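Notes for the structure review
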Amino acid sequence: MGYLDRKRFNKEKDTRVIAIINQKGGVGKSTTAINLSAALGENKRKVLVIDFDPQGNTTSGYGIDKEALDYDIYDALLNDYPIADLICDTCEQNVFVVPSTVQLSGAEIELVNEERREYKLKELVDTIKDEFDYVFIDCPPSLGLLSINALVASDSVLIPIQCEYYALEGVTKLMESMNMVKDHLNPDLEIFGVLMTMYDSRTTLSKQVVDEVRKYFGNKVFKNMIPRSVKIAEAPSYGLPITTYARVNKGSLAYMKLAKEVTRRG
């Protein structure tokens, strides 16, 4: 289904714009962006994923050849290229991607001298968001100007946290940044949910980390957790979400359950 065909769908609710963010790397931001969007697409939700990380893992994780791209989100952000013209189809029904490449890495510096630099992404997202049920922004593992743009453009955040020692390390800094954005740039920003990733039910550590995170975030923590899974790690190398690559895998089932929980939250 092409970009223009999305208008044939009838939306049930207002668009949710959600930044998937944690300044720690390797916690499952891109993995969640890819697999949650695919699971929501299967549930008849129209989803756009904006890859806002210069590493471009969500772009390649959906099988998009970054080397073949003439334009990416960098061009919309700094060169006035229409973001609507960047939207790519994916292998998944109802799921679309605005791609990123390493070119975006220079945007952090180039944005400094731009007027309304914190609002650049919001201005782009506002032109297209109404055609989708969900817009996910896959953020870089930092709290620089790109992530600030993502927080300003979003109505809420989804925070993946890996089940490991020091799981909450840096979360205080993230919450400080969120509160700064909420106080000065985006008063409607809230926490949509906290997702526990790489959960291993066999270990005491995983259970302890989950307990610690639940004490900190309370009912913001999703009931469904994403287990450790070799298949989840393999899927991006095939340019496929886990729901397509290994449908009966425990990771695939976890993301399908998470999608249902997400839709219940709005």
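Scroll up to find the structure.
What comes next concerns the included structure. (Residues numbered from 1 in each chain as written. Predicted model: local features only at pLDDT ≥ 70, side-chain atom pairs only at ≥ 80, totals over all residues. Heavy atoms only, no water.)

**Overview of the overall build of the chain**
Where we set the bar: Going along the chain from the N terminus, every DSSP run of H or I of four or more residues is numbered as a helix, and every run of E of two or more is numbered as a strand. We compute the radius of gyration over the C-alpha atoms and compare it with the globule rule, which gives 2.2 Å times the number of residues raised to the power 0.38. Throughout this description, buried means an accessible area under 20% of the type-specific maximum (1.4 Å probe, protein chains only), exposed means over 50%, and partly exposed covers the range between. With residues, only the protein chains shown are counted as cover, and all accessible areas are computed by Shrake-Rupley using a 1.4 Å probe. The sign given to each residue is positive for Lys and Arg and negative for Asp and Glu; His and the chain ends receive no count. Taken as the charge centre is NZ of Lys, CZ of Arg, CG of Asp or CD of Glu, depending on the residue.
Within the chain, the regular secondary structure consists of 11 helices and seven strands. Its C-alpha atoms give the chain a radius of gyration of 17 Å, near enough to 18 Å, the size a compact globule of 266 residues would have. Projected onto its principal axes, the C-alpha coordinates of the chain cover approximately 50 × 40 × 35 Å. Residues classed as buried in the chain amount to 56% of the 266 residues present. Total accessible area computed for the chain in this model is approximately 12000 Å², and 48% of it derives from carbon and sulfur atoms. Here the chain holds 33 positive side-chain charges and 38 negative ones, and the gap between their average locations is 10 Å.

**Describing the packing of aromatic side chains**
Here is the rule we go by: Note on aromatic pairs: the rings of Phe, Tyr and Trp (six-membered ring only in Trp) are paired at centre separations within 6.5 Å, and the planes decide the class, stacked below 30 degrees, edge-to-face beyond 60, tilted for the rest. Charge over a ring is defined by NZ of Lys or CZ of Arg lying within 6 Å of the ring centre and within 35 degrees of the ring normal.
Tallied over the entire structure, the rule returns six aromatic pairs. Here the aromatic rings of Tyr71 and Tyr81 are separated by 4.2 Å at their centres, their planes lie at 20°, and the arrangement is stacked. With Tyr71 in the loop between helix 2 (57-61) and helix 3 (73-78) and Tyr81 in the loop between helix 3 and strand 3 (88-89), this pair connects stretches of sequence that are 10 residues apart. We note Arg116 situated over the ring of Tyr119; from NZ or CZ to the ring centre the distance is 4.3 Å.

**Digging into the pattern of salt bridges**
Rules: By convention in these notes, a salt bridge is any Lys or Arg side-chain nitrogen within 4 Å of a carboxyl oxygen on Asp or Glu.
All told, the structure shown has 12 salt bridges when counted by the stated rule. Between Arg247 and Glu42 there is a salt bridge, and its shortest N-O distance comes to 2.6 Å. Linking Arg247 in the loop between helix 10 (242-245) and helix 11 (250-265) with Glu42 in helix 1 (residues 29-42), this pair joins segments that are 205 residues apart in sequence. Across the pair Lys129 and Asp126 runs a salt bridge whose closest N-O atoms are separated by 3.5 Å. Overall, Lys129 belongs to the partly exposed group, its relative accessible area being 25%. Judged by its relative accessible area of 33%, Asp126 is partly exposed. Taken together, the shared-partner salt bridges connect Arg16, Asp155 and Glu190 into one network.

**Topic: the sheet that holds strand 6 (residues 156-162)**
The condition that has to hold: For two strands to count as paired, DSSP must find a minimum of two bridges between them.
On the basis of which strands lie adjacent, the open sheet formed by seven strands has the order 3-4-2-5-1-6-7 and mixed pairing. Both edges of this open sheet fall to strand 3 and strand 7 (190-197), since each of them pairs with a single strand only. Strand direction decides the pairing type here: strand 2 (residues 47-51) and strand 5 (residues 134-138), joined by five bridges, are parallel. What sits directly across from Val49, in strand 5, is Phe136.

**Quick look at helix 8 (residues 204-217)**
Selection rule: A helix's residues, less one, multiplied by 1.5 Å, set its expected span. As used here, the arc is the angular range of directions from the helix axis to the C-beta atoms. Contacts are assigned to residue pairs that have any heavy atoms within 4.5 Å of one another.
Here helix 8 spans 20 Å end to end across 14 residues, near enough to the 20 Å set by a 1.5 Å rise per residue. Taken residue by residue, helix 8 has Ser206, Val209, Val210, Val213 and Phe217 as its buried positions. What you see down the axis of helix 8 is that its buried residues fit within an arc of 100°, all on one side. Exposed residues on helix 8 whose side chains face more than 90 degrees from its buried face are Thr204 and Lys215. Buried residues in helix 8 make contact with strand 6, helix 7 (171-184) and strand 7.

**Structural notes on unusual backbone geometry**
Within the chain, Asp80 stands out as a residue other than glycine whose phi angle is a positive 60°. For Asp80, the position within the fold is in the loop between helix 3 and strand 3. The backbone phi angle of Met198 is positive, close to 55°, even though this residue is not glycine. Mapping Met198 onto the fold places it in the loop between strand 7 and helix 8. A residue is classified by how much of its surface remains accessible, and Met198, at 22% relative accessible area, is partly exposed.

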